[in-house]
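Notes for the structure review
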Amino acid sequence: MLLKSFISYAHVAGTAEAELVPWLYDRLKQPDSPLDPVIDREDLVLGRWREGIDALVPLCHLMLVVWSPAWDARPECQHELHLAVDNGLSIVRLNVTAAAGYSDRLSEFSSHTFDGDWETAVQRLFRRARRGEEPLHRAQLMRQELSDLVSRADRPGFAEHDRIVELRTQQQLDREQERRRKYRIRAEFTTTGPTAVSTRAFLNRDDERRLLLTALRRHRGELVVVSGDHGIGKTRMVHAVLDELRVSAPELRQQRAQVHSPYSFVAGDLVAMLEGLLSRDDTSRRLDYRPRDPAAVKLKTLLEIPDTAPALVVLDSAELLLDQHDRRFRDSDLDEALQLLYGPTAPQHHVSVVLVTRVMPASMADWPARINTVPIRDGLKVDDFKKLLRQFDLDGEWFPDDRAEPGEALHRGTGGFPRAAELTFGLFENGTGEYASIDDVLDLIGSRAASKVPQLLLGELVDCLGADRLRVAAAVAVFGTPVTIEDVLAMLPGQAENRVLHTLRQLVTKKVVQRVGDSYLVQPPDNERILDKLGTDRRTLLLRAAAYLAARSPAEVHNVKDLELRRQQVDLLLRAEAYEEALEAVDELDRRYLYDWGYFSLLTGQREALRDVLTDLDHQIVNLNALGRSYTARFRYDEGIATFHMALDRAQRLRSPQRIKTLTVNLASAYFDSGDAISAQGHYERALVMARRFRDPSEVITPLNGLASCHRRHGKFQRSLNALDEAIGVAVAAGRTDRLAELLLNAGRCRLHLDERHAAEADFEHAGEHIDRLANKKQVRCKYLDATADLWLRNGQTGLAIGQATEAVDLALDLGDSSVLQQARTTLAAAHVTAGDLGKARDEITLAANYRPERRALIILAFQGLIEWRISTRQRDSVEYFQRLRREAVERRRSDPEDFGAWGMEGLAICGLHVCGGGPLTGAEEAVRASLRLTANAAGVAAQLRRMLEMLVAGGSSDELRRLVRKLRLD
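Everything numeric in this text was worked out from a predicted model, so none of it was measured.

Scoring rules and cut-offs
- Residues numbered from 1 in each chain as written.
- Predicted model: local features only at pLDDT ≥ 70, side-chain atom pairs only at ≥ 80, totals over all residues.
- Heavy atoms only, no water.
- Helix = DSSP H or I, 4+ residues; strand = E, 2+ residues; numbered from the N terminus.
- Buried < 20%, exposed > 50% of the residue type's maximum accessible area, 1.4 Å probe, protein only.
- Contact = heavy atoms within 4.5 Å.
- Areas by Shrake-Rupley, 256 points an atom, 1.4 Å probe, with all protein chains shown as cover.
- Phe/Tyr/Trp six-rings, centres within 6.5 Å; stacked < 30°, edge-to-face > 60°.
- Lys NZ or Arg CZ within 6 Å of the ring centre and 35° of its normal.
- Expected span 1.5 Å × (residues − 1).
- Arc of directions from axis to C-beta.
- pLDDT = per-residue confidence, 0-100.
- Pairing = 2+ DSSP bridges.
- Axes fitted to C-alpha atoms, helices over the stretch in contact; angles between N-to-C directions.
- Salt bridge = Lys/Arg side-chain N within 4 Å of Asp/Glu carboxyl O.
- Polar contact = N/O pair within 3.5 Å; in protein donor to acceptor, adjacent residues only side chain to side chain.
- Core = buried A, V, L, I, M, F, W, Y, C linked by side-chain atoms within 4.5 Å.
- Parallel < 35°, antiparallel > 145°, perpendicular 65-115°, else oblique.
- Left-handed = near helix turned anticlockwise from the far one by under 90°.
- Nonpolar A, V, L, I, M, F, W, Y, C, P; charged D, E, K, R; others polar.

Describing the overall build of the chain
Secondary structure assignment for the chain yields 44 helices and twelve strands. Expressed as a percentage of the 971 residues in the chain, the buried residues total 57%. Taking as baseline every contact in the chain between residues at least 6 positions apart, the subset at least 24 positions apart corresponds to 69%. Total accessible area on the chain stands at roughly 41500 Å², and carbon and sulfur atoms take up 48% of it.

This is the structure we're talking about:
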């Protein structure tokens, strides 16, 4: 049977919705369509108000709403919606893009997305229509069931059974009619005209809403962080403001994204959203960047498009994108993209971003100029809370208008948390009769803290679900991310699809499960409360979900997002307490992909979860070793060193020489990265002694390479080259060509310090030949590009240096390795300084500083001070940089008197403070001479110091500094 369908939409010429409607009409008229549009095509094209609509809509089974912001604002569209609801039509919202805006009027109806290929999307719609999925024709199926019961009434043996079924079906119809009646009241209340605002806007939060509205109405391009506890009403308040802005500021173009996991939203997604909001069809305004360009490059291009409307992007649950330890974005490219938009050197633009989060991102503390914070510390005020209760209780059954006490009592018990109000009504409607009054709920809450109440109510609601509903809720909750009906059915083998869909709809009504487009979701931490109710079945379900995700993981892996399902699989194994299997999965991800890409810390949380639960001593060592590397990669040096010591202790108990040697090397590396080259050298020397006892001569390569780094830190470049030459000889003899590239790069770097540029170039060329033979060694290639950029810079070939350094930055962004990215950006900044483009140099060095740990990479502080001195009108900025540089340099050389770099940077800082603030030059000559003495007057070191001091001389008029530079004889 064809389902007669009515298409409702607001015609706005030139929009994607206006293109979809006639295409959809023609497609529904084709023979394979189960849907039959009932209006004439010319009426569709005109999009005009039609006489006789009151008689036409009741003839239909289904209303298809092609949604756009204009649809919410037009009274004729709302009249069509009222008619559809009053006459029992099923209603489906059609979205032209997956990131379509929020519509309160359509929030409880199903949605269907037409992004990408429209034919594929319409085929999905047809399949839903044929299988009768809610909300397409549930009422028709119920009526048919009643008709079948009547036809069977006289058949012997069916009388009692049919009487019970008829009674249950009638009860379903009664409940459906009651739901429609309540919706009619709600719709009448919220659609009084084209300026109507969503009911969410009645939950005032006057101060918070005013702050958010003020920031977004300025159209100045600002970052707004809305923060608060789980369930306190952050999302509800933001939606209210967005609805209000659609009416009061229609020129503001909006898109919203819901974050569900650490890598479900990355920099590329932000760029894609802004492309849709900002790009124009005019051929003179085409986007002239490459698909693989980093997000920062694309954003710069997008911001340069003239005459664009103001744009707004909203990220909900943004705390999931942050590292749990340091609260920085896991995706460094996203961190850079936001800094480009809102950091200290951001250009003027009209793009605003709202982060809805439980936790404030740490990196934004350094961007005060264009950051607005909207903290939500308390629940709703009592009057607003009672308004919310009346939205749920339209009949006044639980909270009558003439009695204030019940609403006020619940407000006191819940702290006014909106999520607690939702769950309270879920308890009232659970069907068991256990919660028959507000007093029953208040007795349950007792004196608990308001932030704990939503979880308490959810747990009680889950207890009331019954076995069948609990199983379906758990099949959604086990994932913790949006899942399709196919995913849910995979967790419920043998269950009929229609029955599961019916149960899901009930769970959505009870506020246990959320509907997200065509998917279903139970967000953390709610999902764990549901799974805890399964008892022994919990582990079985978690393992089933882990196996399901493993089977669905992409066969071809190109980037981190391709590993998202496998990462979720690891989390499921951990939650199932399948620790050995989880360790195996984590090790495979690290070995096969992440280490080669430079992602040493992506699975830190999973490694931490395994730290205290593994029983096998060897497995403990493997995990602790990897965890130590993760900590070091995130600059958590103290934790990394302590973790390596724990692993070393276990290896000594096992009496495993190979493990002991490997862990000693890794411990030495952690000490070196933390700035303690003396401790590092001692551990490398012990590791080298152990390695010489092994039969495999290649065991000495890593300790020798580490020792070379320690010697280079202390300015002993010839000793460093001797160690590297030995390591290179061993690698060649042992056939370890996989190690040659890195060793040759280090040797070339050492020769640059000695100003042996021809020899360094030969080393780099040789390294490049070996990199080409390696698979997935992107990190080594990035170091190669950076090293050759440094060489071209010293040779005066600035253009080549900028090209190589830019490529290194692009690759480092693709890798996500913050230490490599820091080095590449510093080299690129130096190249821009040499080219005289101080603006670009400041942009790059500012981004490089994002990844600089305390007392490391002092040259970044030096460049920041020098560049600000040359181009800034505020001397205070450059003074602050030079003060920090001097303090950190002094701390370093006191802990390690042979650190030549610290001595040189101390001298430069004193000179900078002299030029910027008139401070004395006392100590500058001594510090610079100490640096030169430690390096035996290495020409490359002297040349670098000379270039930086000349920047100070060129930008100022200090005769005293000029005399000092001549006296030092840095030529």
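Quick notes on the packing of aromatic side chains
Tallying each qualifying case throughout the model produces three aromatic pairs. Arranged with centres 5.7 Å apart and planes meeting at 80 degrees, the rings of F717 and F900 form a pair that is edge-to-face. Of this pair, F717 sits in helix α32 (residues 717-733) while F900 sits in helix α41 (residues 900-917), and the two are 183 residues apart along the sequence. Each of the two residues, F717 as well as F900, counts as buried. We note R93 situated over the ring of W67; from NZ or CZ to the ring centre the distance is 4.3 Å. Sitting above the plane of the F672 ring, R713 keeps its charged end 4.1 Å from the centroid.

Some thoughts on the side chain of T827
In this structure, T827 sits in helix α37 (residues 818-835). Exposure remark for T827: the relative accessible area of 8% places this residue in the buried category.

Some details on helix α23 (residues 537-552)
Here α23 is 16 residues long and its end C-alpha atoms lie 23 Å apart, about the 22 Å a rise of 1.5 Å per residue gives. Of all the residues in α23, the buried ones are R538, L541, L542, A545, A546, Y548 and L549. Each buried residue of α23 sits inside an arc of 165 degrees when the element is viewed along its axis, so together they form one side. The inward-facing, buried residues of α23 contact α19 (467-477), α20 (485-490), α22 (526-532) and α24 (564-575).

Description of the confidence of the model for the chain
Averaged over every residue, the pLDDT of the chain is 81; residues scoring 70 or more account for 84%. Here helix α7 (residues 138-151) stands out as the element of the chain with the lowest mean pLDDT, 43, in contrast to helix α30 (residues 677-691), whose mean of 95 is the highest. A low-confidence stretch, residues 45-49 stays under pLDDT 50, and its non-local contacts, those more than four residues away or across chains, total nine contacts. Low pLDDT, under 50, characterises residues 133-162; the predicted model gives this stretch 46 contacts beyond four residues in sequence or across chains.

A closer look at the sheet that holds strand β5 (residues 110-113)
Read from one edge of the open sheet, five strands run β2-β1-β3-β4-β5, paired in parallel fashion. Edge positions in the sheet fall to β2 (35-37) and β5, since each of these pairs with one other strand and no more. When strand polarity is set aside, the average angle formed by the axes of neighbouring strands in this sheet is 35 degrees. Running over the sheet, helix α5 (residues 75-86) touches β1 (3-9), β3 (62-66) and β4 (90-95) and is turned about 155 degrees from β1.

Focus on the pattern of salt bridges
A full pass over the atoms with the stated rule returns 55 salt bridges. Residue R607 pairs with D590 through a salt bridge whose shortest N-O separation is 2.7 Å. Placement of the pair is R607 in helix α26 (residues 604-610) and D590 in helix α25 (residues 579-597), with a sequence separation of 17 residues. An identical accessibility class is assigned to R607 and D590; each is buried. D738 is the salt-bridge partner of R736, the closest N and O atoms lying 3.0 Å from each other. Overall, D738 belongs to the partly exposed group, its relative accessible area being 35%. Through salt bridges that share partners, R852, E854, R887, E888 and E891 make up one connected network.

Thoughts on the pairing of strand β9 (residues 351-357)
For β9, the buried fraction is high: seven of the seven residues fall into the buried class. Covered by surrounding structure in β9 are V351, V353, L355 and T357 together with S352, V354 and V356, the residues of both alternating faces. Examined bridge by bridge, strand β6 (residues 223-228) and β9 share five bridges and lie parallel to one another. Bridging across to β9, V224 finds its partner in V354. As defined by bridge partners, strand β8 (residues 311-316) adjoins β9 across six bridges and the pair is classed as parallel.

Brief notes about the side chain of E699
Tracing the chain through its elements places E699 in the loop between α30 and α31 (701-713). Within the structure, the side chain of E699 is placed 3.4 Å from the side chain of Q658, a separation counted as a polar contact. Residues within four places of E699 in sequence aside, it is in contact with Q658, K661, A691 and F694.

Describing unusual backbone geometry
With phi around 60 degrees, S317 is a residue other than glycine that occupies positive phi space. As for its position among the elements, S317 is in the loop between β8 and α13 (332-342).

Here we look at the nonpolar core
Ranked by size, the top nonpolar core spans 115 residues in total, and within it F764, L885, M905, L908, C911, L952 and L961 carry the most contacts. Those residues in contact with F764 that sit more than four places away from it in its chain are L745, G748, R749, L752, Y784, A787, T788 and L791.

Concerning the packing of helix α39 (residues 858-871) against helix α40 (residues 875-895)
Direction vectors running N to C along α39 and α40 enclose 160 degrees, while the axes themselves pass 8 Å from each other. Accordingly, the angle class assigned to the pair α39 and α40 is roughly antiparallel. The element α39 and its partner α40 pack so that their crossing is left-handed. Contact residues: α39 offers L858, L861, A862, Q864, G865, L866, E868 and W869, while α40 offers Q875, D877, S878, Y881, F882, R884, L885, E888, A889 and R892. For the contact of α39 with α40, the class distribution of residues is nine nonpolar, four polar and five charged.

Things to note about the pairing of β5
The two faces of β5 match: S110 and H112 on one face and S111 and T113 on the other face are all buried. For β4 and β5, the ladder comprises four bridges, and the chain directions are parallel. By the bridge assignment, V92 is partnered in β5 with S110.

Side note on helix α18 (residues 453-463)
For α18, the buried fraction is high: ten of the eleven residues fall into the buried class. Listing the buried residues of α18 in full gives V453, P454, Q455, L456, L457, L458, G459, E460, L461 and V462. Those residues of α18 that are buried lie in contact with α15 (405-414), α16 (418-428), α17 (438-445), α19 and α22.

Here we look at the sheet that holds β6
A sheet is described by the order of its strands in space; here five strands give the open sequence β7-β8-β9-β6-β10, paired in parallel fashion. Every interior strand has two partners, whereas the edge strands, β7 (253-258) and β10 (371-376), have only one. Each adjacent strand pair in this sheet contributes to an overall mean axis angle of 15 degrees, direction not counted. Its contacts with the sheet place helix α9 (residues 206-217) against β6, β8, β9 and β10, and it is angled at close to 160 degrees to β10.

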